[in-house]
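Notes for the structure review
Next come the chains, spelled out residue by residue.
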Amino acid sequence: MSRKEILLKMKKVNRRKIVATASAFFLAVSSIFGNGMTHANASTNAAKAKEIVSKMTLEEKIGQKLMLSFRSGWTMEDGTHYKSVQNINDEIYQIIGNYDIGSVILFAANFDPDATVNVELIDGLQRAAMDKSLGKNAIPLLIGTDQEGGIVYRLTGGTALPGNMALGASGNVENAFKAGEIIGSELSAIGVNMNFGPVTDVNNNPNNPVIGLRSFSSDPQIVSKFANAYIEGVQSKNVATSAKHFPGHGNVATDSHTGLPSIDSTKEELYATELVPFKSAIEQGTDMVMTAHIQFPNVVTEKIYSDKKQEYLSPPATLSREILTDLLRGEMGFDGVIVTDSMTMDGVANYFDVNERNLLAVKAGVDILDIPFNDMASMADVESKLVPLIDAFVEAYTSENGYNGIKLSQEELNASVERIITLKLNRGVMDLANDTQSLEEKKAVAKEVVGSVKNRETERLISANAVTVVKNENNTLPLKLTKNSKILFASTYSRNNNRFVLAWERAKKAGIIPEGADYKILQHYNLTGLDDKVNSAINSDGSAFNGTNRDLLDWCDTLVHASEISSATDISGYKVACPQLFIDYCEGLGKQTVAISLNHPYDVQAFTKADAVVAVFGTNGLGLDITESFGGGTVGATAAFSPNLTGGVEVILGTFGASGKLPVDIPKYDPSSKSYTDEIVYQLGYGLTYDSIVKDVDKTELQAIIEKVNTLDFTKFTADSLNKAQVLIDKMTEKLRIAENVNITHKLSQKNVDETAQELQKAYDEVLKNLIYATDKSQLQALVDALLEENLQKDKFTSSTWKAYEAALLLAQEVLASNVDQNTINDALSQLKRAREGLVTITEEDKKADKQELQALLEKYNTYKAKDYTTESWNVFKGVLDRANQIYQDDQVNQETVDAVVEELKSAASKLIKVDEKQDNTSDIPGTGQQDYMLAFTFMLLLSGAVIAYIRRKGYTKH
């Protein structure tokens, strides 16, 4: 097997270098065409666009204004049916090229969780658009999608993010930038160059059925700041943005997908609220503005006739020239691309037929028609939908009477298409014609970027930052778990189970779940009583729990129950009633209770008896594969998932602290009218805070071994050893992946971090132990052999140079016997050459020993007196001193002998013990002096007693 083949086999580690190169290209393009086109570039691109448009036919210009969709599957002419269009086919390829289509919108049905599949689809769409055999101009497509983040996102394998209202609740505009950056990076990585976001609507109607969580706030200034940061983040990855839904969709009570909303606001009122974020987004440089299918009868004076309804009506903004041309372009100065909301929505489709509503939108000032007719699903749709619409436009632009009385201006058409082409130039779309990046390189980038651990960890942090605590009696939060704690998590949907489990597992990784603490999970799909059998419940080991709701509530000591509403009337529904019932029951038994508000936050007011209430600003409608690895504590599955509930539970458990603030006012709910009143229960900006209970960890050791593994150069080793060590390399690569995830992941225990570092170090050492460096030792071996044969004599050279030579020769021999890299071999060779060249031959003068240090010592030590030192230490010292004096007098002595006696003399002198030091040392022995005195005193007493007794016996008693 050749070296090249072996290196290719190292794909699992070396693929990082391929990805790094491709990613570098991707990032370079992003930086070149990122946010903030200069005035000079914009002017140049506008001039280029004008030149391109001047060479286009009428039909080609019309094609640039159409944005087609293929989300309903496809039936081939031979009858073969595809449930979803996730791969380009010959028929769609022909349609894109033959009709010079300008843009395509993709939906979740078009995206596979595997990002590389998405790359193939988009690459195929662009090849079709640029196929010169089909279209003369071969202009690349704008490819867009609704990747808002939160409850509206399309990239099924990407990063869902917590959504705009959660971003607003975090209070940190940097989070909005990061969210936009993630969205931009993941879209760009698969080839999507246009995002229909951010939602710039002000959520000033709490009962809004379609905006809600999609809005940053009910405060137009907050919406402006967060929308601008979001725009900057998306554009930093060279993806176009679209502020929507102009002139504002936040104050409606009807969904324009299913009806035609009407807002009574005056223009002055719009300028004071709804238009504030749009004005700001235009100043920020948003590429596009998306229109709303909403009537503004107090702003628009014009009327248009609806054949379907047989009546005149105030046109929705999408069809209003006063709104789009006079207000948006004229008064607000927007010179970018105006794109419609879907032209198949009931807000326009119920009133006008396909051709009429699209022509009216263009007459109003629209540049791009988003989904001008229902999704294309076969070649039959070309003749029944696409061609008739193009023909209607041709007639409207060329016929004296227009199409059904609708006459369009070719001058305005040219200006409109120039804006579209300018956008394509600004965002580098036109450069795709010269793209040299291979399909495999594009796939490698997509695989690395889309849904990455880094992106999902950022998503996790933002979600936790957004969690808002509005009630925390007796400091219930964060929960103080013990080995005996029993937590019951409850919600309305079983798909929430995985969110609870994920939060619990992350808390365990953080080291805050005591051994023995347990949980169960309850789901109720309808209004259910205490003594009803559980709809569904599981134990912490995944097994089913059989029993009643009361059994579960009696088992737990803490209830954490999620509620969910999307409208005011939901507060009177079972999704709130069941949490209220279970919380009230537990409170009556003295148990801890926590309520979580999912979706709209207005139900936080409903749980008056709960100890704690938190809002997470997200729904639970997205899937999470619980079979993911918890190696890094982050999501490893390919499918995106809603992170809000998991973030809420992480804050409840204390993995993260609480820092969120309400981005909207919470109006009081009136159960009698099932609507909100003007009374405010919690004000915008309200939120209680507390710190995380997880300690910070030291990742220095982990980062060091990660760096070591990532810089390991496999080209330095033999092909044979690489081949034999492949299993070990694969194992190390997997350990590296885990370690990198752990390094990215927040809130882990020190034990977890250290164990990960040790595992990677062990795998690394095992790999190195089995790899053999591909080196050339011939020069070093030849030099060593020559020097050994030379048989140099030590006494011929000065001591210092011989020592250096001897050390270099020993090192060289060790290197020859060892598995070391070429640099180490080369260093040893150079060192040995220098040492040999540096050997200095001893001269007659050199042979005389240097006795200066010995002389100085003798002058000092010869003055010492024996009486000053203990006999034993003096005798040793005197013997060495006498010998040193003799050596000093010997003119034939060598340097080695002089050096040796110098050291010996120093040692003997250091061991001399002075007489007074010995006495002092003796007195220092604990109790010695006092004990000697007492013994002497005792002896004298005994002696005195004996003398007295003797005298008495002899009769010397005094009378």
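Residues numbered from 1 in each chain as written. Predicted model: local features only at pLDDT ≥ 70, side-chain atom pairs only at ≥ 80, totals over all residues. Heavy atoms only, no water.

1. Quick look at the nonpolar core
The biggest cluster of nonpolar side chains holds 119 residues, and the ones touching the most others in it are Ile96, Ile190, Phe246 and Phe393. No other element matches helix α15 (residues 380-398), which puts ten residues into this core. The residues contacting Ile190, other than those within four sequence positions of it, are Phe111, Ala115, Asn118, Val119, Ile122, Leu155, Ala446 and Val450. Listed in part, the 40 residues of the second largest apolar core include Ala169, Ala595, Val604 and Val613. (Core = buried A, V, L, I, M, F, W, Y, C linked by side-chain atoms within 4.5 Å. Buried < 20%, exposed > 50% of the residue type's maximum accessible area, 1.4 Å probe, protein only. Helix = DSSP H or I, 4+ residues; strand = E, 2+ residues; numbered from the N terminus. Contact = heavy atoms within 4.5 Å.)

2. Here we look at the sheet that holds strand β8 (residues 288-291)
The strand order across the open sheet built from three strands is β7-β8-β11, with neighbouring strands paired in parallel fashion. Each edge of the open sheet carries a strand with a single partner, namely β7 (242-246) and β11 (337-339). Going from strand to strand, the sheet's axes swing by 25 degrees on average, the running direction of each strand aside. One ladder, built from three bridges, connects β7 with β8; its direction is parallel. Bridge pairing in β8 places Ser242 opposite Met288. (Pairing = 2+ DSSP bridges. Axes fitted to C-alpha atoms, helices over the stretch in contact; angles between N-to-C directions.)

3. Brief notes about the packing of aromatic side chains
Enumeration over the complete set of coordinates arrives at 22 aromatic pairs. A centroid spacing of 5.8 Å and a plane angle of 15 degrees characterise the contact between Phe797 and Trp802, whose relative ring orientation is stacked. Note on accessibility: Phe797 and Trp802 belong to one class, buried. Taken together, the aromatic side chains of Tyr861, Tyr864, Tyr869, Trp874 and Phe877 make up a single cluster linked through ring pairs. Geometry around Tyr888 places Lys851 over its ring, the cationic atom sitting 5.8 Å from the centre. (Phe/Tyr/Trp six-rings, centres within 6.5 Å; stacked < 30°, edge-to-face > 60°. Lys NZ or Arg CZ within 6 Å of the ring centre and 35° of its normal.)

4. Here's the deal with the environment of Asn710
Mapping Asn710 onto the fold places it in helix α23 (residues 700-710). For the pair formed by Asn710 and Thr733, sequence separation is 23 residues and the distance between their alpha carbons is 9.5 Å.

5. Points about the sheet that holds strand β6 (residues 194-195)
Overall, parallel pairing links the five strands, which are arranged β6-β5-β4-β1-β12 in an open sheet. Two strands lie at the open edges of the sheet, namely β6 and β12 (369-370), each paired on one side alone. Relative to β12, strand β1 (residues 66-69) runs parallel, the two sharing two bridges. Paired with Leu66 across the bridge in β12 is Leu369.

6. Considering the environment of Leu360
For Leu360, the position within the fold is in helix α14 (residues 354-364). Along the chain, Leu360 and Thr318 lie 42 residues apart, while their C-alpha atoms are 8.5 Å from each other. Filtering out sequence-adjacent residues up to four positions away, Leu360 remains in contact with Ile304, Leu319, Phe352 and Ile406.

7. Let's talk about a negative patch on the surface
Where like charges cluster on the molecular surface, the negative patch consists of Asp850, Glu896, Asp899 and Glu903. If you trace the backbone, Glu896 turns up in helix α33 (residues 895-910). Residue Glu896 is classed as exposed on the basis of its relative accessible area, which comes to 59%. (Patch = residues over 30% accessible without salt bridge, like charges linked within 9 Å, V, L, I, M, F, W, Y side chains within 5 Å. Areas by Shrake-Rupley, 256 points an atom, 1.4 Å probe, with all protein chains shown as cover. Salt bridge = Lys/Arg side-chain N within 4 Å of Asp/Glu carboxyl O. Lys, Arg positive; Asp, Glu negative; His and termini not counted. Charge placed at Lys NZ, Arg CZ, Asp CG, Glu CD.)

8. Remarks on the confidence of the model for the protein
In this model, the protein carries an average pLDDT of 89, and 88% of its residues clear a pLDDT of 70 or more. Below pLDDT 50 for its whole length, residues 24-34 participates in 23 contacts with residues either more than four positions away or in separate chains. Ignoring residues within four places in sequence, the model shows residues 922-933, a span with pLDDT below 50, making two contacts including any to other chains. (pLDDT = per-residue confidence, 0-100.)

9. So, the pairing of strand β17 (residues 558-565)
Burial of β17 is extensive: eight of the eight residues sit out of reach of the surface. What you see with β17 is no split at all: Thr558, Val560, Ala562 and Glu564 on one side and Leu559, His561, Ser563 and Ile565 on the other are buried throughout. In the sheet, strand β14 (residues 486-491) pairs with β17 via four bridges, with the strands oriented parallel. Residue pairing in the sheet places Phe489 in a bridge with Val560 of β17. Taken together, the eight bridges between β17 and strand β18 (residues 592-599) define a ladder with parallel strand orientation. Across the sheet, His561 pairs through a bridge with Ala595, a residue of β18.

10. Things to note about the packing of helix α8 (residues 173-190) against helix α18 (residues 453-466)
To characterise two packed helices, one gives the angle between the axes of the helices and the distance between these axes. Interaxial distance between α8 and α18 falls to 11 Å at its minimum, and their mutual angle equals 150 degrees. As the angle between them shows, α8 and α18 are arranged roughly antiparallel. For α8 against α18, the interelement crossing comes out left-handed. Where α8 abuts α18, its residues Asn175, Lys178, Ala179, Ile182, Ser185 and Glu186 lie against Asn455, Thr458, Ile462 and Asn465. Looking at the contact of α8 with α18 residue by residue, the classes come out as three nonpolar, five polar and two charged. (Parallel < 35°, antiparallel > 145°, perpendicular 65-115°, else oblique. Left-handed = near helix turned anticlockwise from the far one by under 90°. Nonpolar A, V, L, I, M, F, W, Y, C, P; charged D, E, K, R; others polar.)

11. Focus on the pattern of salt bridges
If you walk through the whole model with that rule in mind, you get 33 salt bridges. Residue Arg321 is joined to Glu412 by a salt bridge in which the shortest nitrogen-to-oxygen separation is 2.6 Å. Linking Arg321 in helix α12 (residues 321-331) with Glu412 in helix α16 (residues 410-426), this pair joins segments that are 91 residues apart in sequence. On the accessibility criterion, Glu412 (36% relative accessible area) is partly exposed. The salt bridge partner of Lys769 is Glu766, with a shortest N-O separation of 3.6 Å. Here the residue Lys769 and the residue Glu766 both occupy positions in helix α26 (residues 750-770), the gap between them amounting to three residues, near one helical turn.

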